[in-house]
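The primary structure of each chain is shown beneath.
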Amino acid sequence: MMSLMPLAQVGDLSARLVATDMDGTLTIADKFTPSLLQALETLRARGIEVVIVTGRSAGWVHGLVHYLPIAGAIAENGSIYYSATSDQANWLVSISDLAQHRQHLAEVFHYLQTDFPQIQESADNHFRLTDWTFDIGELTPEDLQGIRDRCQAWGWGFTYSTVQCHIKLQQQSKATGLQQVLAQWFQACPVEQVVTVGDSPNDESLFDAELFPVSVGVANIYHYCDRLQHLPTYITLAPEGEGFCELSQRIKPAPIRSSHG
């Protein structure tokens, strides 16, 4: 399997939908830029939908989805989908009692603090429904692996991005959430016409070639390559939002397949 082929060395990619991480992938120094907004507008004008797949909180994403030229956004690493045409929260995971679920997450976090007293709850944690976040701070790769091992031993999942760590359901991932969204809201778009994009470990499931054959990492993914089992098929020359803009210029609309084959 080919991985990390420079995007500049291949021809244009054919797609009907781009599923992309946000922080460190669309942003530059934590900000949206005019060039990024133009890239999103250009993709929409070409008939290419964009779905953001982020670890950001449900409350944050609910507002964001109505301000960008996108089709929708998946929040909290695959648990809730918001369409740009509705205010409804579409659940992608099953949680019978949210209050109890949050209590269990808090307990796991406090257990972790026993061994890692430096970890601090993230400012946005109060706006979350399905996961629990704490700042990545100065945690080393060894610390992160230790936290992952403890979460798994207690029956929970764990992932992290450039800024936050997430305690979550084991089955909760960006890939599983995106698969459900594609099946329910984009039935006419085959997975071969989806480009997935990311920059950090919580995007790894989007790089699984068996699930998404066309994936792209922006250049800052290099920082994590030694920690990932799945690597993106292609990589941009530029990092962060500049890398996404580089990619957007290389995507052309895929032909719509006839329902009669």
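### Some words on unusual backbone geometry
Residues other than glycine seldom take positive phi values, yet Asp 30 does so here, at roughly 70 degrees. For Asp 30, a relative accessible area of 60% translates into the label exposed. Of note in this structure, Asn 77 is not a glycine but carries a positive phi near 55 degrees. Relative to the helices and strands, Asn 77 is located in the loop between strand S5 (72-75) and strand S6 (80-83).

### Notes on the packing of aromatic side chains
Considering all chains together, one arrives at seven aromatic pairs under this definition. The interplanar angle of 50 degrees and the centroid separation of 4.8 Å between the aromatic rings of Tyr 81 and Trp 185 together place this pair among those described as tilted. On the criterion of sequence distance, the pair formed by Tyr 81 in strand S6 and Trp 185 in helix H5 (residues 174-185) is long-range, its members being 104 residues apart. With centroids separated by 5.8 Å and ring planes inclined at 35 degrees, the aromatic side chains of Phe 109 and Trp 132 adopt a geometry described as tilted. Pair noted here: Phe 109 is in helix H3 (residues 98-115) and Trp 132 is in strand S8 (residues 132-135), with a separation of 23 residues, a long-range link.

### What to know about helix H4 (residues 141-153)
Relative to the 18 Å expected for 13 residues at 1.5 Å per residue, H4 spans 18 Å between its end C-alpha atoms, a close match to the ideal helical length. Considered for burial, the residues of H4 that qualify are Asp 143, Leu 144, Gly 146, Ile 147 and Cys 151. Seen end-on, H4 carries its buried residues on one side only, within an arc spanning 160 degrees. Opposite the packed face of H4, turned more than 90 degrees from it, sit the exposed residues Glu 142 and Ala 153. In the core, the buried residues of H4 are packed alongside H3, S8, strand S9 (157-160) and strand S10 (164-168). Just downstream of H4 lies Gly 155, where phi reads positive at about 85 degrees.

### Regarding the side chain of Arg 16
Of note, Arg 16 is situated in the loop between strand S2 (13-15) and strand S3 (17-20). Buried charge Arg 16 goes without a salt bridge, the closest partner of opposite sign being Glu 49 at 8.2 Å. Not counting residues within four places of it along the chain, the set of residues in contact with Arg 16 comprises Gly 47, Ile 48, Glu 49, Ala 188, Cys 189, Pro 190, Gln 193, Ala 254, Pro 255 and Ile 256.

### Structural notes on the pairing of S3
Here S3 shows two buried faces, one formed by Leu 17 and Ala 19 and the other by Val 18 and Thr 20. With helix H1 (residues 34-45) bridging S3 and its parallel neighbour strand S4 (residues 49-53), the resulting β-α-β unit is right-handed. In this structure, S3 lies alongside strand S11 (residues 194-198), joined through four bridges in parallel fashion. Paired with Leu 17 across the bridge in S11 is Val 194.

### A word on the sheet that holds S11
Here nine strands make up an open sheet; going across it, the order is S1-S13-S12-S11-S3-S4-S5-S6-S7 and the pairing mixed. Whereas interior strands pair on both sides, the edge strands pair on one side only; in this sheet they are strand S1 (5-6) and strand S7 (90-91). Of the pairings in the sheet, the one linking S3 to S4 comprises four bridges and is parallel in character. By the bridge assignment, Leu 17 is partnered in S4 with Glu 49. Packing of H5 onto the sheet brings it into contact with S3, S4, S5, S6, S7 and S11, and relative to S5 it is tilted by some 145 degrees.

### A word on the packing of H1 against helix H6 (residues 240-248)
Remark: H1 packs on H6, axes separated minimally by 10 Å, with the N-to-C direction vectors making an angle of 25 degrees. It follows from the interaxial angle that H1 and H6 lie roughly parallel. For the pair H1 and H6, the sense of crossing is left-handed. Counting all contacts with H1, which are made through Ser 35, Leu 36, Ala 39, Leu 40 and Leu 43, the residues of H6 involved are Phe 244, Cys 245 and Ser 248. Here the residues of the contact of H1 with H6 sort into six nonpolar, two polar and no charged.

### Here's the deal with the pattern of salt bridges
On inspection of all chains with the given rule, the structure shows seven salt bridges. The partner of Arg 128 in a salt bridge is Asp 131, with the nearest N and O atoms 2.9 Å apart. Judged on exposure class, the residue Arg 128 and its partner Asp 131 are both buried. For Lys 174, the salt bridge identified is with Asp 203, shortest N-O distance 2.5 Å.

### Structural notes on the nonpolar core
Formed by 32 residues in total, the largest nonpolar core has its most connected members in Val 18, Ile 52, Ile 70, Val 195, Val 197, Phe 244 and Leu 247. Where this core is concerned, the elements lending two or more residues are S2, H1, S4, helix H2 (58-64), S5, S6, S11 and H6. Residues contacting Leu 247, with those up to four places away along its chain left out, are Leu 7, Leu 13, Val 195, Val 197, Val 216 and Thr 236. Formed by 30 residues, the second largest nonpolar core is a distinct cluster that contains Leu 112, Cys 165, Cys 225 and Leu 228.

Conventions and cut-offs
Residues numbered from 1 in each chain as written. Predicted model: local features only at pLDDT ≥ 70, side-chain atom pairs only at ≥ 80, totals over all residues. Heavy atoms only, no water. Buried < 20%, exposed > 50% of the residue type's maximum accessible area, 1.4 Å probe, protein only. Helix = DSSP H or I, 4+ residues; strand = E, 2+ residues; numbered from the N terminus. Phe/Tyr/Trp six-rings, centres within 6.5 Å; stacked < 30°, edge-to-face > 60°. Expected span 1.5 Å × (residues − 1). Arc of directions from axis to C-beta. Contact = heavy atoms within 4.5 Å. Lys, Arg positive; Asp, Glu negative; His and termini not counted. Salt bridge = Lys/Arg side-chain N within 4 Å of Asp/Glu carboxyl O. Right-handed = clockwise from strand over helix to strand, strands pointing away. Pairing = 2+ DSSP bridges. Axes fitted to C-alpha atoms, helices over the stretch in contact; angles between N-to-C directions. Parallel < 35°, antiparallel > 145°, perpendicular 65-115°, else oblique. Left-handed = near helix turned anticlockwise from the far one by under 90°. Nonpolar A, V, L, I, M, F, W, Y, C, P; charged D, E, K, R; others polar. Core = buried A, V, L, I, M, F, W, Y, C linked by side-chain atoms within 4.5 Å.

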